[in-house]
Amino acid sequence: MSPDLLSAPVADAVPAPDRAHSRARAARRRKIVVTVFRVLLLVAVLALWEGLSRAKVIDPFNFSMPSKIWDQIYTWLTHGTALGSLGEQIWYTLYEALLGWIIGVVAGVVCGIALGRITFLADILGPYIKVLNSIPRIVLAPIFVIWFGLGPASKVASAVVLVFFPVFFNAFQGAREVDRNLVANARILGASDRRVTLQVVIPSATSWIFTSLHVSFGFALIGAIVGEYIGATKGIGLLVAQSQGTFNAAGVYAAMVILAVVALVAEGLLTFAESRIFRWKPSGSDG
């Protein structure tokens with residue numbers, strides 16, 4: 001055998017484009033398999049629940065069953081609820097959650113970046129923020145109802161306090177984790193504190209902030225629902241309260257299903273927005 005052949009580097013058995021195509025095909029195949037197993041798991045759980053309820057192994061009055069829950073959703077869709085159309089209730093709750101989420105996110109980002117950049121301010125306000133964060137926010141919902149009444153303002157306030165803290169702490173940590181070399185280079189180039197914050201700190205903290213957005217919208221929904229449950233004129237939370245008051249377990253579960261769908265749609269939209277904004281980030285290891 002020729003020495004040149006022995007010393008020559010071993011070429012990849014598969015060209016790079018083929019490897020990339022194979023990885024993409026394997027990723028699509030895995031995604032399909034995961035989706036199928038998710039659906040199978042959901043079907044198995046619902047079938048087991050239905051079977052146990054019909055066999056009276058579990059009390060159908062208290063636990064209801066998937067078929068009754070679907071019947072309740074269908075009734076609400078076709079005939080409306082006692083409070084009005086189902087779409088109106090969903091929109092009312094979604095409006096409160098969205099408004100509270102936007103306010104909480106903006107306040108959390110501004111305060112988090114500010115305290116992350118200004119150490120003196122963080123030292124002064126740090127203990128107060130820790131105390132406020134230790135208060136169970138859910139117990140504030142009745143206070144907000146007393147302050148702001150049964151309208152949407154009390155539900156928005158409940159959503160704001162639930163959203164603010166996770167966004168604040170992520171923004172604060174993101175501002176603190178900025179590469180000091182980037183900040184130093186920006187200052188060498190003559191950037192003011194304002195430009196450093198806007199052009200270096202905030203872009204660097206964006207991934208931290210987006211991480212909190214996924215969780216915080218769920219918190220906003222919780223805040224709106226809890227506020228409506230305590231006192232409201234319409235909304236999904238009020239549907240839950242009315243269903244509980246009439247011992248309609250199917251109605252309670254139906255409202256929970258509707259909320260889950262709303263939360264999943266919102267999560268999908270956030271994931272899509274994040275993927276568009278962070279297209280430059282690698283999706284995973286190529287190894």
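Residues numbered from 1 in each chain as written. Predicted model: local features only at pLDDT ≥ 70, side-chain atom pairs only at ≥ 80, totals over all residues. Heavy atoms only, no water.

Remarks on a nonpolar patch on the surface
Here is step 1: Taken together, the side chains of Ile-118, Phe-120, Leu-121, Ile-124, Leu-125 and Tyr-128 make up a nonpolar region of the molecular surface, amounting to roughly 590 Å² of accessible area.
Here is step 2: Mapped onto the elements of the fold, Phe-120 is located in helix α6 (residues 119–134).
Here is step 3: We classify Phe-120 as exposed; its relative accessible area is 62%. (Patch = residues over 30% accessible without salt bridge, like charges linked within 9 Å, V, L, I, M, F, W, Y side chains within 5 Å. Areas by Shrake-Rupley, 256 points an atom, 1.4 Å probe, with all protein chains shown as cover. Salt bridge = Lys/Arg side-chain N within 4 Å of Asp/Glu carboxyl O. Helix = DSSP H or I, 4+ residues; strand = E, 2+ residues; numbered from the N terminus. Buried < 20%, exposed > 50% of the residue type's maximum accessible area, 1.4 Å probe, protein only.)

Let's talk about the side chain of Ser-154
Here is step 1: In this fold, Ser-154 is placed in helix α8 (residues 152–176).
Here is step 2: With residues near it in sequence (within four places) discarded, Ser-154 still touches Phe-144, Val-145, Phe-148 and Gly-149. (Contact = heavy atoms within 4.5 Å.)

Brief notes about unusual backbone geometry
Here is step 1: In this model, Lys-56 sits at a positive phi of 65°, which is unusual for a non-glycine residue.
Here is step 2: Position of Lys-56 relative to the elements: it lies in the loop between α2 (16–54) and α3 (60–63).
Here is step 3: For Phe-247, which is not a glycine, the phi torsion comes out positive at approximately 55°.
Here is step 4: Looking at the element boundaries, Phe-247 is found in the loop between α11 (236–245) and α12 (249–277).
Here is step 5: A residue is classified by how much of its surface remains accessible, and Phe-247, at 61% relative accessible area, is exposed.

Brief notes about the side chain of Gln-89
Here is step 1: Mapped onto the fold, Gln-89 is located in helix α5 (residues 86–117).
Here is step 2: Within the structure, the side chain of Gln-89 is placed 3.2 Å from the backbone oxygen of Ser-85, a separation counted as a polar contact.
Here is step 3: At 2.9 Å, the side chain of Gln-89 forms a polar contact with the backbone nitrogen of Gly-235.
Here is step 4: Apart from residues no more than four positions distant in its own chain, Gln-89 is found in contact with Thr-81, Leu-83, Gly-84, Lys-234, Gly-235, Ile-236 and Leu-239. (Polar contact = N/O pair within 3.5 Å; in protein donor to acceptor, adjacent residues only side chain to side chain.)

Some thoughts on the pattern of salt bridges
Here is step 1: The full count for this structure, using the stated rule, is 2 salt bridges.
Here is step 2: In this structure, the salt-bridge partner of Arg-54 is Glu-50, at a minimum N-O distance of 2.7 Å. Of this pair, Arg-54 and Glu-50 are both found in helix α2, 4 residues apart, which corresponds to roughly one turn of the helix.
Here is step 3: Overall, Arg-54 belongs to the exposed group, its relative accessible area being 55%.

Things to note about the nonpolar core
Here is step 1: Judged by nonpolar contacts, the single largest core of 21 residues is most densely connected at Trp-101 and Val-105.
Here is step 2: Look past the residues within four positions of Trp-101 in its chain and what remains in contact with it is Val-163, Leu-213, Ser-216, Phe-217, Ala-220 and Leu-270.
Here is step 3: If you look at the next biggest cluster of nonpolar residues, it comprises 13 residues, including Ile-69, Ile-73, Val-240 and Ala-254. (Core = buried A, V, L, I, M, F, W, Y, C linked by side-chain atoms within 4.5 Å.)

What to know about the confidence of the model for the chain
Here is step 1: On average, residues of the chain carry a pLDDT of 80, and 82% of them reach 70 or more.
Here is step 2: No element of the chain has a lower mean pLDDT than helix α1 (residues 3–7), at 50, and none a higher one than helix α4 (residues 66–79), at 90. (pLDDT = per-residue confidence, 0-100.)

Observations concerning the packing of α5 against α11
Here is step 1: In the contact formed by α5 and α11, the axes pass within 7 Å of each other and the chain directions differ by 120°. By the criterion of interaxial angle, the relationship of α5 to α11 is oblique. Between α5 and α11, the contacting residues are Leu-86, Gln-89, Ile-90 and Thr-93 on the first element and Ile-236, Gly-237 and Leu-239 on the second. (Axes fitted to C-alpha atoms, helices over the stretch in contact; angles between N-to-C directions. Parallel < 35°, antiparallel > 145°, perpendicular 65-115°, else oblique.)

Some points on the packing of aromatic side chains
Here is step 1: A full pass over the atoms with the stated rule returns 12 aromatic pairs.
Here is step 2: Each ring, one from Trp-49 and one from Tyr-253, has its centre 5.3 Å from the other, and the planes form 80°; the classification is edge-to-face. Here the residue Trp-49 occupies a position in helix α2, and Tyr-253 occupies one in helix α12, the gap between them amounting to 204 residues.
Here is step 3: Relative accessible area serves as the criterion here: at 22%, Trp-49 is assigned to the partly exposed category.
Here is step 4: Residues Trp-101 and Phe-217 carry aromatic rings whose centres are separated by 5.7 Å and whose planes lie at 85° to one another, so their mutual orientation is edge-to-face. You can see Trp-101 sitting in helix α5 and its partner Phe-217 sitting in helix α10 (residues 193–230), a full 116 residues away along the chain. Like Trp-101, the residue Phe-217 is buried in the burial classification.
Here is step 5: What links up through ring pairs into an aromatic cluster is the set Phe-164, Phe-165, Phe-168, Phe-169 and Phe-172. (Phe/Tyr/Trp six-rings, centres within 6.5 Å; stacked < 30°, edge-to-face > 60°.)

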